[in-house]
Every structure is written in structure tokens, then in C-alpha cells.
Amino acid sequence: MNQADSQRLASALEQLGLHSVDRPHDADVIVLNSCVVRQSAEDKVVGNLTSMKPLKTNRPDRVLALMGCKVGAKTDDLAKQFPYVDVFMRPQQYGPLLDLVGQRLGVDWEGCVGSLAATHPDVTCYVPIIHGCDLMCSFCIIPYRRGRQVSRPLGEVVQEVELLVRRGVKEVTVLGQTVDAYGHDLPEQPDLADLLALLNDIKGLERIRFLTSHPSYMSQRIIQAVADLPKVCEHINLPVQAGDDQVLERMRRPYTQGQYRELIHQIRETIPGVSLSTDVIVGFPGETEAQYQRSLELISELRFDKVHTAAYSQRPETIAFRTMDDDVSQEEKARRLKELDLVQENILREKNETLVGQQVEVLIEGRKKGKWQGRTRSDKLVFFPDSGAGMGSLVDVLVEKASPWSLQGSVAAGNTDQRTTPSPVTAEALRR
Ligand code: SF4
């Protein structure tokens, strides 16, 4: 979500005539977009902000802005701690910086800035469709920083994706903290399935993904849409967070591990070959060894294609911070994390090895260390030496090697079937 926010602000600044530079030293305007989901992320933000102080001291006319989840409703304390920061902006509140830049340029930015869609997008692009979250999980700071759930109207999202496709985008990932709750707050109450169906009809768009879902909102209608709509990739991220019912209750996750298992079963029944990923927190306040073992069992049994693991990190303001003791030691959290990661690594190794010798469809996204790279519909990263096709093309790759984290192969013989060629980005397209 932060990446998408940064792209949208960059788009607004570009429409005001600014362009990006490679080093902060060369910039007139520096924006630090912050994440505080865990203490380590927040520490990084503070470190970066501190290291930027000389840049401001050396050139006081340079604008330094802090954006994102580090900025809460009140900024007095932040302003005291970082007096050299000119502008503080909550997530997606671009106005204060645009006001300042507009003043410096002597223009009314509201008259100059149109769609915030990325001006120079990559082949794949994030599109936020629902902001905020209404759920208040006890460990999570996001609702305090991003506010209540607000969906963007269907038509606005469709128009933005059409624009991105004209600018060369082949794959969009529609985003939300609880993306499967999309539309519930809109007057006609469309849902994510309705939006996916409309996006599926956009000519030139090849693939659609959505991120991140919440088990409570994952309806059979959405699952069926993933199964039926050819452009929607068969990949669902469905965070479970814990495998024990008491821990889930203290986390304020409104489902049991049994209901979650049933949902996974239902998804796998409806979408053959679906790839599933999840998120798990270890060391939540009060989590006993036996409760942690239930998370381990769930991960071992459900065999996900990716598990994002994290050790519990106290976040001020949250319900867990206010009402629970962070009583699992750091060493124990690290041990549980390591063990869980190892179990998942072995699952991934076994799963990915079954792909060796098979052909997978890959969307070419770029080059890294002399190789082409892209992802399968199931979101596996694939590297291959020669593409025989350009960025944004779909190619079939024969998988020759697999590791837990990626696949390696070569473009399948006779694969001249480049189902798409990237549309040239024209000046006219950029103006649109
Ligand atoms: S659903 Fe996600 S964003 Fe919302 S409170 Fe829970 S963890 Fe945070």
C-alpha cells in the first residue's frame, strides 16, 4: 500500500513539472514514506529521518516531508522530535505537500493535477481500491493511522486501470487492507467480484491480482469469480495469523482455526490449482508453547505457497499494547519464528520441485543480474536467460531448477506465441 501511495504522490508531483532524481542530495523535495507496522520498521524510519537532517541544514530551502503511518492525528510530538521536517502527511493525504510545492511554483495545484495513476508505470502496477480498515485486530496499528474503510467507486477504479493499460500496464494488483470487503460501504454495495468482472473486460490487460484478503469477507461469490474470470490469477493471500482459537480471540480475529481450514478447503475445491499464501504472528502475548504448536500444525497441514511470518512486536496505541503483557521473550519469539520458517521452507522446496519439467506461463517484468524475470499466475518468481520477447510479454517457460524462493528455466522451444507485446508509451497516452 505504501508503494502505491508513493507512486500516486510521484504522479501528482510529476504533473506539477517535477521529476525524480537518483540521490536525495540532488533533490529539491524529499518525501520519506513511512511504515510502522513493526518496531524494526519504525526504527528504520527514525534512522532515515535523522540521517536526512544534514541535507536540510545544508540547503534550508529544500523541502523535507514525512508521509505514511508514522504520522498520526497529532503531529506536535513529531514536530518537536524532527523540527527540520517541513511537512507531515498522514497516509494518502497528499494535500499539505502539494500546497507547499504549489506555493513555491506559484500555481494552484488543484487545477494542474488530474488522475493520480502512475505516469510511468512498470508492466505491473498497484491500484488501491479500498482505504483503511474497520476491524481493529488487537495487534494492529493500521486502523489508527489509515482510518475507517472507504471504497473507491467502481467506475473510478475501472477508468484508472484503463488509463494504466494505455500507459503499458499488463497486470494490476488491486489493493486494500481488507480488499475482499471492497464495496460494502458504497451506496449500491458492489463487491470485489463485481469489480474483478469489470476489470476482466478491459482490453489489453492480461492479469489481475488482489491483496490482502480477510477470512471474514472471503465470500463464495469472490472465490467463484477467481475460478471463472480468465484474467484473475489463481492466487489468494488469506492471513490466518494464528492456529489456536484462544490466540485468535485475543487477536480479535473473528473466526476459529476450524472455520479457516474449512474456508481453505472451499477455495481449493472451487479453484483447482489455486496458490495460497498466509500471514502468521508468533509470540503474541500469552501464546503458550502448545498454542504456538497449533500454528505450526496448521502451516504443516495446509501447505501454503508462501507464509509471511513475523514475531509479535508491540505497537503503542493498539489494544494489545494497552491491555496485554508482551510476555513471550525475544529469544523464544526468535526460536518459534525460525522453526516455522524452516518448516515452510521445506514445504516450498517440495512444492516447487514438482514444477521441474513443467511449462509455466510467465509475464516478463524485467531483468536482474543478467537474467529475465517474471512471475507465474500463481505468483512464483521465475528467472530465465533469454526471453525471445520483450517486457510485458507472456511466455511459456520450461522449469529446469527450483528452490524454495524461485524457479529457473528457459523459454520453451517453439514458444513464438507472444500473446502480448507491450504497447508503446506515447506522448498522447501520457497526456491521457
Ligand atoms: S484486518 Fe488487517 S489492517 Fe485491519 S486491523 Fe486486522 S490486521 Fe490490521
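Residues numbered from 1 in each chain as written. Predicted model: local features only at pLDDT ≥ 70, side-chain atom pairs only at ≥ 80, totals over all residues.

## As for the overall build of the protein chain
How we decide: Think of it this way: any DSSP run of H or I at least four residues long counts as a helix, any run of E at least two long counts as a strand, and we number them from the N terminus. The globule rule used here is 2.2 Å times the number of residues to the 0.38 power, and the radius of gyration it is set against is calculated over C-alpha atoms. Buried means a residue has 20 or more other C-beta atoms within 10 Å of its own C-beta, exposed means 12 or fewer, and partly exposed covers the counts in between; C-beta atoms are placed from the backbone.
Along the protein chain, the regular secondary structure elements total 16 helices and 15 strands. Computed over the C-alpha atoms, the radius of gyration of the protein chain is 23 Å, within 12% of the 22 Å expected from 2.2 N^0.38 for a compact globule of 432 residues. Along the longest, intermediate and shortest principal axes, the C-alpha atoms of the protein chain span 60 × 60 × 45 Å. The proportion of buried residues among the 432 residues of the protein chain is 36%.

## Thoughts on unusual backbone geometry
Leu211 connects to Thr212 through a cis peptide bond whose omega is -10°. Along the chain, the position of Thr212 falls in the loop between strand 7 (207–211) and helix 10 (220–228). Residues other than glycine seldom take positive phi values, yet Met136 does so here, at roughly 55°. Note that Met136 resides in the loop between strand 4 (124–131) and helix 7 (142–146). Located in the positive-phi region is Glu317, a residue other than glycine, with phi close to 85°. Relative to the assigned elements, Glu317 resides in the loop between strand 10 (306–311) and helix 14 (319–323).

## A word on the nonpolar core
Just so we agree on the cut-off: Structurally, a nonpolar core is described as a collection of buried Ala, Val, Leu, Ile, Met, Phe, Trp, Tyr and Cys residues joined by way of C-beta atoms within 7 Å. Just so you know, the domain bounds were taken from an automatic or database domain assignment. It is the C-beta atoms, placed from the backbone, that decide contacts: two residues are in contact if theirs lie within 7 Å.
Among the nonpolar cores identified, the biggest contains 83 residues, and Val127 and Ile129 are the most heavily contacted of them. Each of domain 2 (124–353) and domain 3 (359–411) accounts for three or more of the residues forming this core. Apart from residues lying up to four places away in sequence, Val127 is in contact with Val157, Glu160, Val161, Val172, Val174 and Leu175. Formed by 18 residues, the second largest nonpolar core is a distinct cluster that contains Leu13, Ala65, Leu98 and Trp109.

## Section: helix 10
Here is the rule we go by: Directions pointing from the helix axis toward each C-beta atom define the arc.
By the burial criterion, the buried members of helix 10 are Ile222, Ile223, Ala225 and Val226. Each buried residue of helix 10 sits inside an arc of 155° when the element is viewed along its axis, so together they form one side. Facing away from the buried side of helix 10, by more than 90 degrees, are the exposed residues Gln220 and Arg221. Against helix 9 (192–200), strand 8 (235–237) and helix 12 (257–270) lie the buried residues of helix 10.

## Focus: the site of the ligand
Keep this limit in mind: Nearness rests on one distance test: the residue's C-beta atom, set from the backbone, must lie within 6 Å of the molecule or strand. Residues are grouped as follows: Ala, Val, Leu, Ile, Met, Phe, Trp, Tyr, Cys and Pro are nonpolar; Asp, Glu, Lys and Arg are charged; all remaining types, including Gly, are polar.
Residues in contact with the ligand, as listed here, are Cys133, Leu135, Met136, Cys137, Cys140, Ile142, Pro143, Gln177, Thr178 and His214. Taken together, the residues that form the shell around the ligand break down as seven nonpolar, three polar and no charged.

## Regarding the sheet that holds strand 3 (residues 87–89)
Threshold: For two strands to be treated as a pair, DSSP must find at least two bridges joining them. Structural elements are reduced to axes, namely lines fitted to C-alpha atoms, with helices fitted over the stretch in contact, and the angle between N-to-C directions of any two is expressed from 0 to 180 degrees.
Strand order in the open sheet formed by three strands is 1-2-3, with parallel pairing between adjacent strands. What marks the edges here is a single partner per strand, and that holds for strand 1 (29–34) and strand 3. The average angle at which neighbouring strand axes cross in this sheet is 15°, direction not considered. Judged from the six bridges that link them, strand 1 and strand 2 (residues 63–68) form a sheet pairing that is parallel. By the bridge assignment for strand 2, Ser34 is matched with Gly68.

## Considerations on the packing of helix 9 against helix 10
Definition in use: The cut-offs work like this: below 35 degrees is roughly parallel, past 145 is roughly antiparallel, 65 to 115 is roughly perpendicular, and the gaps in between are oblique. The hand of a helix crossing depends on one turn: near helix anticlockwise from the far one by less than a right angle means left-handed, and clockwise means right-handed.
Running from N to C, helix 9 and helix 10 cross one another at 20°; their axes reach a closest spacing of 8 Å. Of the possible angle classes, the one that applies to helix 9 and helix 10 is roughly parallel. The hand of the helix 9/helix 10 crossing is left-handed. Packed against helix 9, whose contacting residues are Leu192, Ala193, Leu196 and Ala197, the element helix 10 presents Arg221, Ile222 and Ala225 at the interface. When the residues that make up the contact of helix 9 with helix 10 are grouped by side-chain class, the tally is six nonpolar, no polar and one charged.

## Re the environment of Gln330
Structurally, Gln330 is set in helix 15 (residues 330–353). Using a count of 10 C-beta atoms within 10 Å as the deciding quantity, one classes Gln330 as exposed.

## So, the domain arrangement of the protein chain
Here the protein chain is described as being made up of domain 1 (2–112), domain 2 (124–353) and domain 3 (359–411). Averaged C-alpha coordinates put domain 1 and domain 2 at centres separated by 29 Å.

## As for the packing of helix 8 (residues 154–166) against helix 9
Direction vectors running N to C along helix 8 and helix 9 enclose 30°, while the axes themselves pass 10 Å from each other. Along this stretch, helix 8 crosses helix 9, giving a crossing that reads as right-handed. Counted together, Leu154, Val157, Val158 and Val161 of helix 8 and Asp194, Leu195, Leu198 and Leu199 of helix 9 form the full contact between these two elements. Taken together, the residues of the contact of helix 8 with helix 9 sort by class into seven nonpolar, no polar and one charged.

## Some details on the sheet that holds strand 10
The three strands lie next to each other as 8-9-10, forming an open sheet whose pairing is parallel. The open sheet is flanked by strand 8 and strand 10, the only strands paired with a single partner. Here the strands of the sheet are splayed against their neighbours by 15° on average, with no regard to which way each runs. Bridge count between strand 9 (residues 275–282) and strand 10: six bridges; the pairing is parallel. Bridging from a neighbouring strand, Thr278 pairs with Val307 of strand 10. Against the sheet, helix 15 makes contact with strand 9 and strand 10, and its axis sits at roughly 175° relative to strand 10, the strand it touches most.

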